[in-house]
Amino acid sequence: MEERELVQKILQGDEQAKTQFYVQYRERLYKDCVYLLGYRDPEAEDLVQEAFIIAFNKLPEFEFRSKLGTWLTQICIYLCYNRYRKRAKTVAQEHSELEKVLSKVSLEGEERKGEDEEKAAKLRLIDKGLEKIGLDCREIVLLRDKEEKTYIEIGKLMKIPLGTVMSRLSRCKKALKLIVEQLMREG
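Below, the structure is looked at part by part. All values reported here derive from a predicted model rather than from experimental measurement. Position numbers for residues start from 1 in each chain and track the written sequence from start to end. Given that this is a predicted model, residues contribute local features only at a pLDDT of at least 70 and side-chain atom pairs are listed and counted only at 80 or more, while totals for whole chains, interfaces and linings are drawn from all residues. Side-chain calculation: all heavy atoms of the structure are included, whereas hydrogens and water are not.

### Overview of the nonpolar core
Counting residues in each nonpolar core, the largest one holds 49 residues, and the members touching the most others are Phe-21, Leu-68, Trp-71, Ile-140 and Leu-176. In DSSP terms, a helix is any run of H or I states spanning at least four residues, a strand is any run of E spanning at least two, and both are numbered starting from the N terminus. Residue assignment for this core shows that the elements contributing at least two residues are helix H1 (3–11), helix H2 (15–37), helix H3 (43–58), helix H4 (68–103), helix H5 (115–132), helix H6 (135–146), helix H7 (151–158) and helix H8 (162–186). Leu-68 has contacts with Glu-3, Leu-6, Val-7, Phe-21, Tyr-25, Leu-59 and Phe-62, leaving out every residue within four places of it along the chain. Among buried residues, those of type Ala, Val, Leu, Ile, Met, Phe, Trp, Tyr and Cys that are joined through side-chain atoms within 4.5 Å constitute a nonpolar core. With a 1.4 Å probe rolled over the protein chains alone, any residue whose accessible area is under 20% of its type maximum counts as buried; one over 50% counts as exposed, and the rest are partly exposed. Pairs of residues are marked as contacts when any of their non-hydrogen atoms sit within 4.5 Å.

### With respect to the packing of H1 against H2
Running from N to C, H1 and H2 cross one another at 130 degrees; their axes reach a closest spacing of 8 Å. Classified by the interaxial angle, the pair formed by H1 and H2 is oblique. Every residue of H2 that contacts H1 at Glu-3, Leu-6, Lys-9 and Ile-10 is listed here: Ala-17, Lys-18, Gln-20, Phe-21, Gln-24 and Tyr-25. Here the contact of H1 with H2 is composed, by residue class, of five nonpolar, two polar and three charged. The convention used is that axes are lines fitted to C-alpha atoms, helices contributing only their stretch in contact, and that angles between N-to-C directions extend from 0 to 180 degrees. Angular relationships are summarised with four words: roughly parallel below 35 degrees, roughly antiparallel beyond 145, roughly perpendicular across 65 to 115, and oblique for the angles in between. When residue character is reported, Ala, Val, Leu, Ile, Met, Phe, Trp, Tyr, Cys and Pro are called nonpolar, Asp, Glu, Lys and Arg charged, and the others, Gly included, polar.

Okay, structure coming up:
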């Protein structure tokens, strides 16, 4: 069925046309999401569904300036990038929380001898935490925080998608924060 005819039938409420539309483009959108977010990203399927919901709502406005599949792909990519932005905020928040935990570190039994010693104590605590965390987490945290690599550079080095970099980094920072808190309690 031609695109215009398919859209026309969908707009008239033809359920079979809606199903055909979904079946025809679902795999393509899923592949786009997986490419952008990562193979095992649990949100890929959700974003595909969200893209179809948006598409069905916006279909009356579709003007056939591009192919229907191209239009759907743009919706899907937009949703993926919004998810990136949300994940970037989460990673930043995890980093900020780790910094708050580390700000509580002080040199016990001595007065503070300056910022250099305090920073060194914090770094030793982080290094101890990194020793206890898994290899994948240690690698990604070191690449980001010590080597100051971008998310894209980390993805290329570790051969993982950008979405996986961001979600793994967030998860690892959370774990590192818990380990550092535990080390602080142990003294």
